[in-house]
Amino acid sequence: MNALKNKVQLIGHLGKDPEIINLESGKMLAKFSLATNESYKNAHGEKVTDTQWHNIVAWGKTAQIVEKFVSKGKEVAIEGKLTTRSWEDKDGMKRYVTEVVCNELLMLSK
């Protein structure tokens, strides 16, 4: 490996319609949750499905594509980088969120 990179690739379904935010700077932001599923058999031979939820954010032209073509239940493939940000809530508690900043999106649903 020549260089290690922060790269995330996910295929999943949207849990709800994307939240579209138009910032005062003129930039567009799209936020949505993406569910990925993994199935396996447990020790009793029963099929178990494990669902993971991922917070996704997209900016600019990618956000415009999300706004026009992506909605709840649609299957998409995304590629981006993993980021963690923090802030202080109204009670002074430090909060953290981990998100995937999407820079490529491929719609898989019809």
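Everything below is about the structure printed above this text.
These remarks concern the structure in this document. (Residues numbered from 1 in each chain as written. Predicted model: local features only at pLDDT ≥ 70, side-chain atom pairs only at ≥ 80, totals over all residues. Heavy atoms only, no water.)

Some thoughts on the overall build of the chain
What the chain contains, in helices and strands, is one helix and six strands. Projected onto the principal axes, the alpha-carbon positions of the chain cover approximately 55 × 40 × 40 Å. When the 110 residues of the chain are sorted by exposure, 28% land in the buried category. Long-range pairs, those at least 24 residues apart, make up 57% of the contacts in the chain between residues at least 6 apart in sequence. Put simply, the chain shows about 8200 Å² of open surface, and 48% of that area lies on carbon and sulfur atoms. Looking at charge distribution, the chain has the averaged site of its 17 positive side-chain charges lying 5 Å from that of its 14 negative ones. (Helix = DSSP H or I, 4+ residues; strand = E, 2+ residues; numbered from the N terminus. Buried < 20%, exposed > 50% of the residue type's maximum accessible area, 1.4 Å probe, protein only. Contact = heavy atoms within 4.5 Å. Areas by Shrake-Rupley, 256 points an atom, 1.4 Å probe, with all protein chains shown as cover. Lys, Arg positive; Asp, Glu negative; His and termini not counted. Charge placed at Lys NZ, Arg CZ, Asp CG, Glu CD.)

Looking at a nonpolar patch on the surface
Together, I11, L106 and L108 make up an exposed nonpolar region whose accessible area comes to about 280 Å². With respect to the helices, strands and loops of the structure, L106 is situated in strand β6 (residues 94-107). (Patch = residues over 30% accessible without salt bridge, like charges linked within 9 Å, V, L, I, M, F, W, Y side chains within 5 Å. Salt bridge = Lys/Arg side-chain N within 4 Å of Asp/Glu carboxyl O.)

Focus on the nonpolar core
In this structure, L10, L34, I56 and I78 are the most contacted members of the largest nonpolar core, which totals 16 residues. Those elements that provide at least two residues to this core are β1 (8-14), β3 (28-41), β4 (47-59), α1 (60-69), β5 (75-88) and β6. In terms of residue count, the dominant contributor to this core is β3 (four residues). In this view, I78 contacts V8, Q9, L10, L34, I56, V100, C102, E104 and L105; residues no more than four positions away in its chain are not counted. (Core = buried A, V, L, I, M, F, W, Y, C linked by side-chain atoms within 4.5 Å.)

Quick look at the side chain of E99
Relative to the helices and strands, E99 is located in strand β6. For E99, a relative accessible area of 9% gives the class buried. Polar contacts involving the side chain of E99 include one to the side chain of R85, which spans 3.0 Å. Sequence-distant contacts of E99, defined by excluding residues within four places in its chain, comprise N55, V57, K81, L82, T83 and R85. (Polar contact = N/O pair within 3.5 Å; in protein donor to acceptor, adjacent residues only side chain to side chain.)

Overview of the pattern of salt bridges
Overall, the coordinates contain three salt bridges when judged by the stated rule. Here K7 makes a salt bridge to E79, at a shortest N to O gap of 4.0 Å. Taken together, the residues span a long stretch of sequence, with K7 in the segment before β1 and E79 in strand β5 at a distance of 72 residues. By relative accessible area, which is 53% here, K7 ends up exposed. Taking the shortest distance from any N to any O, the salt bridge between R95 and D89 comes out at 2.9 Å. Overall, the relative accessible area of 19% leaves D89 in the buried class.

Topic: the environment of K72
Of note, K72 is situated in the loop between α1 and β5. Each C-alpha atom, one on K72 and one on S33, is 9.3 Å from the other, the two residues being 39 residues apart in sequence. Apart from residues lying up to four places away in sequence, K72 is in contact with L14, G15, K16 and D17.

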